[in-house]
Every structure is written in structure tokens, then in C-alpha cells.
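# Structure at a glance
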Amino acid sequence: MIKLAIFDLDGTLLDTLEDIAAACNHALQACGCPTHDPDKYRGFVGRGIMNLFRSALPEEKRNEDMVLRMKEAFVPYYNEHKDDRTRPYPGIINLLDSLTAGGVNLAIASNKYQEATMELVRRHFGEYSFVCILGQREGHPIKPDPGIVIEAISACEGTKPEETVYCGDSDVDMQTGMNAGVNTIGVTWGFRTRDELATYSPHLLADSPEEICNFIASL
């Protein structure tokens, strides 16, 4: 029986791509660098904010000083505009409703910085009681380190890894779930390809939120 469902945020529960791309392009312009088409950011996100900047910067400017300049420009802009176009994916509200009704606890484990993670979850999913909402925090390793998933399991008293599912949309998420020893679900509606997710042989490749419900009910 599954007691806890842990979700990645960007590309899994929320379609945040356009707002992330707009903020990162704003930061690139502020640093005198060329911008990218929003679709290009599908391959940039998921590994934490600093790696986002490293991916977006031109190779010749990919140094720590420029990464810090990007952060200084990105964070205030994203804090102001993070919800301009961001929306839950179709079927996500029904998924969370069904899991809650079935007695499954919910948690968030994201590589998005903590402040933005908390605010977006509050705005879009404030009616749900998450056992914890975890983003990227100073002093905590980012995914695919399993620590964030293990922390979420610990917050749900009496829950074991085998009673947990972790859902995400990227190779990083698949590795995280494997590293944590939990049932791992790859969602195909997010930022990466089905083939990328399949490489890691997750327990389920879900083409719809309904498939996650059915899978959890079967365990």
C-alpha cells in the first residue's frame, strides 16, 4: 500500500517553462548575452538554478562570476513574474484530489529554490495538506542526491521507501527515485522526452495523471 506520493514541481505538477525562460532571458540580456527560444529551456531546467544559468550562458562566458550575475538578475525578476503563464497540467488537480481522498499523503521535492517552490505551491495547490514542501536550500544537496526524498519520507511518520512513490519528468528525477529506493514514476507530459525517462527503467511511464492514480491503487 502506498502511503506517500512525492512530486517534482516544474514539468510534473506545473508547466513553468515560459516563465522560467522569460526570467532567464531577462538575466541573459542584463549580462549582455544572447537569449534562447523558450523551447530550448526544456533541456536546461531540472538541475537547480545555478546549473540553469551555466546551461544558458555562452560557453565562453560560463564562469562563476557570470553565474552569480545571472542569479542577481534572475531572482528578483522571477519572483515578480513566476506565475504570469504558469499553470497546473491538465488532470493534476483531479490526481491530487483522488490521492487525498484515498488517504495518500502528498509532498513536494523540487530543485527550484525554496522561496519560489513554496509560493507556487501555495498559489496553485494551497487547498492541499502537504507533509512537506522541499525546494533547493542552502546546505542541502540537490537532486539526483536522494536526500530530499528521504527527508520527505521522514516527515511522513511511519512511512517506508517501499510505501512511497516519487514522480518526475526528467532524468534527474528518475535517478533520484532510484537512489532513494522508492517506486519511481516518469511523467511524459513534462520537459523531457519519453525515451530519456525510459532509459532509467522507472516503475511506470505515465502518459496521464490518471495512470498514476491507477498505478498507486494497484500497489
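First, a word on scope: everything that follows refers to the structure included in this document. Each residue is numbered by its place in its chain's sequence as written, counting from 1. Only residues with pLDDT of at least 70 get local features here, since the model is predicted, and only at 80 or more are side-chain atom pairs given and counted; chain-wide, interface and lining totals rely on the full set of residues. Water and hydrogen atoms play no part in the side-chain values, which are based on all heavy atoms of the structure.

### Considering the state of the cysteines
Here, two cysteine sulfur atoms that lie within 2.5 Å of each other are counted as a disulfide. A full pass over the atoms with the stated rule returns 0 disulfides. Cysteine Cys-31 is unpaired, with the sulfur of Cys-33 as its nearest cysteine sulfur at 5.8 Å.

### Overview of the environment of Gly-48
Here a helix means four or more residues in a row that DSSP labels H or I, a strand means two or more in a row labelled E, and each is numbered from the N terminus. By the element assignment, Gly-48 lies in the loop between α1 (17-30) and α2 (49-56). Distance in space between the C-alpha atoms of Gly-48 and Leu-28 is 17 Å, their sequence separation being 20 residues. By the convention used here, residues are in contact when the closest approach between their heavy atoms is within 4.5 Å. The contacts of Gly-48, once residues within four sequence positions are left out, are Asn-111, Gln-136 and Ile-142.

### Topic: the side chain of Thr-176
With respect to the element layout, Thr-176 can be found in helix α7 (residues 171-180). Looking at Thr-176, the relative accessible area reads 0%, which means it is buried. Within the structure, Thr-176 has its side chain in polar contact with the backbone oxygen of Val-172 (distance 2.7 Å). The contact partners of Thr-176, leaving out residues within four places of it in the chain, are Lys-143, Pro-144, Asp-145, Pro-146, Val-149 and Tyr-166. Residue exposure (1.4 Å probe, protein chains only): buried if accessible area is under 20% of the type maximum, exposed if over 50%, otherwise partly exposed. Whenever a nitrogen or oxygen atom comes within 3.5 Å of another N or O atom, the pair is scored as a polar contact, on the condition that within protein one atom can donate a hydrogen and the other can accept it, and that pairs from neighbouring residues in sequence are kept only if both atoms are in side chains.

### A word on α2
Those residues of α2 that sit buried are Ile-49, Met-50, Leu-52, Phe-53 and Ala-56. Projected onto a plane normal to the axis of α2, the buried residues spread over an arc of 155° and lie on a single side. Of the surrounding secondary structure, the elements contacted by the buried residues of α2 are α1, α3 (64-81), β4 (105-113) and β5 (130-136). Think of it as the arc spanned by the lines of direction from the helix axis to the C-beta atoms.

### Looking at the sheet that holds β5
In spatial order, the strands read β5-β4-β1-β6-β7-β8; together these 6 strands make up an open sheet with parallel pairing. Here the strands that pair on one side only, and so sit at the sheet edges, are β5 and β8 (204-206). Neighbouring strand axes in the sheet, compared pairwise and without regard to direction, differ in orientation by 20° on average. For helices, the axis comes from a line fit to the C-alpha atoms of the stretch in contact; other axes are also lines fit to C-alpha atoms, and the angle between any two N-to-C directions lies between 0 and 180 degrees. Seen against the sheet, α7 touches β4, β6 (164-168) and β7 (183-187) and runs at an angle of roughly 170° to β7. Along the sheet, helix α9 (residues 209-218) makes contact with β1 (4-7), β6, β7 and β8, crossing β8 at roughly 150°. Two strands form a pair only when DSSP identifies at least two bridges running between them.

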